[in-house]
Amino acid sequence: MGSTCDRSFTQFMWKLCLLLACCTITLTLAADDESFSNSTMLKRLHEDDYDDGMLMVASRGIENNDVDEEGVCPDGLMVAAWKPQKNLSTGDRVARGLVYFFVMIYLFIGVSIVSDRFMAAIEVITSKEKEVIIKKKNGEKQIVVVRVWNETVANLTLMALGSSAPEILLSIIEMFAKKFQAGDLGPGTIVGSAAYNLFVIIALCIVVIPNGEVRKIKHLRVFFVTATWSVFAYIWLYLILAQISPGRVEVWEGLLTFMFFPATVLTAYIADRRLLIFKYLDKNYRMNKRGVIVSAEGDAALEMDQQQQTDKLAADSDEMREFDEARREYISLLKELRAKYPQSDLEQLEMIAQEQMINRGPKSRAFYRIQATRRMVGSGNIMRKIQERAQSDLNEIKAQLQRVDVNVEEDEAILRVFFDPGHYTVMESCGEFEVRVVRRGDLSGYTTVEYETEDGSAEAGSDYVGKKGVLNFPPGVDEQRFKIEIIDDDVFEQDEHFYIRLSNASDPAVLAVPKVATVMILDDDHAGIFAITQSSHELTESVGVYEVKVQRYSGARGKVLLPYWTEDGTAKAGKDYEPQEGQLVFENNETEKNIAVGIIEEGSYEKDVVFYVNIGEPTLAPDNTSNKRDAFKFFNKFFDDELAGLIQAAEQKSPEDLTEEDKMALLGRPKAGETTRALLRIIESKEFKNTIDKLVQRANASMVLGTSSWKEQFVEALTVTSAEDGGEEEGEEPTPTCANYVMHFITLFWKILFAFVPPTEIAGGYLCFFVSICAIGVVTAIIGDVAGHFGCTLGIKDAVTAICFVALGTSIPDTFASKVAAIQDKYADASVGNVTGSNAVNVFLGIGVAWTVAAIYHEAQGQVFAVQPGTLAFSVTLFCSEAFIAILILMLRRSKSVGAELGGPVTIKYISGFFLFSLWLIYIIVSSLEAYGIIKGF
């Protein structure tokens, strides 16, 4: 669907260009009318009430206009006029005009490509990040990575400069080219571009939203502020041209025009941060059921339901709130992918999630502008870099998390002697067992060490045979073993232990830990006591299968059955863990068993739920009958001792008749120990949590726009790649189409030329920034000359050339970018919200700087900087009137019938789009008619 939309949109743009070409021929044929001559303009000027100084300057400006009385076009700043110029037929003029027209298109492509490099530098600069320590409400501190540049400030400064650099530079360069005289091409391009952006681009963005979907402006306060400034900017132009100082621009007016630029940025920043009065504007008022006016939280639609989510966040800061929102979105996305691809492992799903997080996440104007330009010129889809970046991020983060601190190994020169292992558990009936002593270090010498047993609860002579001796380690031998004998009896007793201690190691050996071994003797004279070894367990949900250990102690005789089952707590069976129920079978002399519980991994960022594992009363294994006597026969059959008979006889006696021997026999029955219930607490996976934190911090699409080397830039310049998006499940890259190859070879000159621009990796992107803006200035100067020659050759006024051709050419990349942003972004800010700010900045920078410099120059010469109010003032007034209507339409679309600025019901969105597009057609037609005097202006 995306590629179909792209093709339809491209066809629409080519048809629009064809329409303009037809208009060019029509205007050429109409340009012979004498009423449009310079003498008429001079007569009009002399009729105005100007002082002598301004009349002199204004007359000089008219006399130096692009077309002199003999129809000869002057040379431009960079490009000379096409010779010869006299005695040209209409066909020659049309042919030359078409050549100039297509050269302009090629130059527009070139300036778009170098603007790609410029915007990449701006994105790298404005995407700088820093670590901020955020303190949560619970006191926990968390490090969050945030951008150094405020998004609103970045959009209104460097981003606006990047997207509008050709228009701004054209106005400034034209002023220098005309020797500090006012021109129509630069200011006309700025006003015409503003009209195109506000009417055509927004109309397109409304229509391209898929049916049934809408896009809202998220930062509505900022939009209101920039919309106000954008309209005021053009009202201000009208005031200084037609009211305050008609026909001239004074120094203070130029300076004030420029100073409105930082004022726009400051007020937008205040609105974005809810400072000053704006902190009181996020509430509205309603009438309750009793008729009392009460305050209520601001319209959730105005701020995209932010208030509902704020209560759930742990931190009050904007940085933490944004981080938590991104984290929740990542977790939700991971769950969706797990449901969609149940066979994929977690690492693969994390990579896909990271790729989609970068793809779905908020992107700047620079991202969409660069993406649109690269698709247009056959340089491929930037999403491929996102895929590579996602894989790289995940691999790097996994490597960081798996990296463990490696302890410095002890000096191998030191000879150490110790037990390995340091703990032994043996059955009373084992007879004897082997103890191992090792030495580590320099094994070239001879070493001796003494050992000796030491009583604990077990006593030498009754429970084990005491022993002491000397172990000898010849050269090259790294271990020695000796045996300890255990004494077996038929009397039930508690489990006991004793120690074996090393001492008197010969030089240069030293005793290391463990130099004392512990030996636990398990009594096997009765069936044993069964208990869970640990009453509380903490495990991560990513553990997969968790084993709960059950230990048999104080005897291990006989085959015993032990029932177990799981029990819900806050964790629910089937959701958080797999329920278990059954019996553990302990064979004779078997002392340990594990209960395996499957833990279901949900991919939760924060989780803390519990459930329980229980064991019941153990029983001796029956011999295929339910008769207790047969069970003891089974017991006697396997062990051929008197214990089973003693237990059976004791059970048949009353408590008063039990002897000490009977009581001891009853103690030999299997029974449950103290810990028969274990609590299992499931928490989030630390690795998963850390992975999410780091991936969310890296989910920055800006990082894929920069380049690290000239080699990378030249490889990209010479490579043809497809502009189509690959599907999520497709592993192969799409093949470039014929159109991709055609556009690649057409634009190859520009690609190679601007590959010489320094990579963004150098000097943090600033070197690329300055070199790119210089290149844009050079290409823009050539565009200004070619546009002037185009109008001069065909007899088209600069004002008409500006609003119909130059404004359209410089806005084509923004058109593609806004269309892609409208479809891909979940909000309308990147596609619509930035249009108003850009329009205001264009006036304050493009016209403000040019007019300030020109006014200061003329003031120093003792002259007046004259600016004809006619065509420009009329265009500004017409634009302001239509801009009010366009902004009103956007606000009305936020009502319940549509609910958003973009998209909505099919009928309404097409009506809205057609109406806005009609406003642009009315603007260029009426402005053109006024420029030729058909409609009376100011």
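Let us look at the structure shown here. (Residues numbered from 1 in each chain as written. Predicted model: local features only at pLDDT ≥ 70, side-chain atom pairs only at ≥ 80, totals over all residues. Heavy atoms only, no water.)

Quick look at the state of the cysteines now. A complete count under the given rule lists one disulfide for this structure. Residue pairing for Cys 73: its cysteine sulfur links by disulfide to Cys 792, the two sulfurs lying 1.6 Å apart. As the torsion about the S-S bond is roughly -100°, the Cys 73-Cys 792 disulfide counts as left-handed. Placement of the pair is Cys 73 in the loop between α3 (52-63) and α4 (90-126) and Cys 792 in helix α21 (residues 766-794), with a sequence separation of 719 residues. Cys 73 gets classed as buried once you look at its relative accessible area, which sits at 7%. (Disulfide = S-S within 2.5 Å. Helix = DSSP H or I, 4+ residues; strand = E, 2+ residues; numbered from the N terminus. Buried < 20%, exposed > 50% of the residue type's maximum accessible area, 1.4 Å probe, protein only.)

This next bit is on the sheet that holds strand β12 (residues 496-503). Pairing within the open sheet is mixed, and its five strands lie in the order β7-β14-β12-β9-β10. Of all strands in the sheet, those with a lone pairing partner are β7 (423-427) and β10 (468-473), marking the two edges. Across this sheet, the average inter-strand angle for adjacent strands is 25°, counted without regard to direction. Where strand β9 (residues 447-455) and β10 come together, six bridges link them in antiparallel fashion. Note on β10: the bridge partner recorded for Tyr 451 is Gly 469. (Pairing = 2+ DSSP bridges. Axes fitted to C-alpha atoms, helices over the stretch in contact; angles between N-to-C directions.)

Right, let's get into empty space enclosed by the protein. Tallied over the full model, the rule gives four cavities of 30 Å³ or more. Around the second largest cavity, the lining residues are Asp 184, Pro 187, Gly 188, Val 191, Ala 799, Val 800, Ile 803, Thr 871, Leu 872, Ser 875, Ser 927 and Ala 931. Elements with a contribution of two residues or more to the lining of the second largest cavity: α6 (185-208), α22 (798-824), α24 (870-892) and α25 (906-931). (1 Å grid on protein atoms, 1.4 Å probe; cavity = no way out; pocket = protein on both sides within 12 Å on 5 of 7 lines; lining within 4 Å. Points joined across faces, edges and corners; volume = space filled by probe spheres on them.)

Following the sequence through the fold, Arg 893 ends up in the loop between α24 and β25 (902-903). Buried and without a salt bridge, Arg 893 has Glu 901 as its closest oppositely charged side chain, separated by 7.2 Å. (Lys, Arg positive; Asp, Glu negative; His and termini not counted. Salt bridge = Lys/Arg side-chain N within 4 Å of Asp/Glu carboxyl O.)

The side chains of a regular strand alternate between both faces of the sheet. Sheet analysis places strand β16 (residues 536-540) next to strand β24 (residues 677-683), joined by five bridges and oriented parallel. Bridge pairing in β24 links Leu 539 to Ile 682. Here seven bridges tie strand β21 (residues 608-615) to β24, and the two strands are oriented antiparallel to one another. Within the sheet, the bridge partner assigned to Val 613 lies in β24 and is Ala 678.

For the rest of this paragraph, the subject is the packing of α6 against α24. In a pair of packed helices, the angle between the axes and the distance between the axes together describe the arrangement. For the pair α6 and α24, interaxial distance at closest approach is 10 Å and the crossing angle is 20°. When the axes of α6 and α24 are compared, the pair comes out roughly parallel. For the element pair α6 and α24, the recorded crossing hand is left-handed. Across the interface between the two elements, Pro 187, Val 191, Ala 194, Ala 195, Leu 198, Phe 199, Ile 202 and Ile 206 from α6 touch Leu 872, Ser 875, Val 876, Phe 879, Glu 882, Ala 883, Ala 886 and Leu 890 from α24. Taken together, the residues of the contact of α6 with α24 sort by class into 14 nonpolar, one polar and one charged. (Parallel < 35°, antiparallel > 145°, perpendicular 65-115°, else oblique. Left-handed = near helix turned anticlockwise from the far one by under 90°. Contact = heavy atoms within 4.5 Å. Nonpolar A, V, L, I, M, F, W, Y, C, P; charged D, E, K, R; others polar.)

Turning to unusual backbone geometry, a few remarks are in order. In the segment running from Asp 420 into Pro 421, the intervening peptide bond is cis, with an omega of 5°. Structurally, Pro 421 can be placed in the loop between β6 (416-419) and β7. For Lys 179, which is not a glycine, the phi torsion comes out positive at approximately 55°. Following the sequence through the fold, Lys 179 ends up in the loop between α5 (151-177) and α6. A positive phi angle, near 55°, is found at Asn 504, a position not held by glycine. The residue Asn 504 is located in the loop between β12 and β13 (510-511) in this model. The exposure class assigned to Asn 504 is exposed, which follows from its relative accessible area of 54%.

These results come straight from atomic positions and should not be treated as a statement about function.
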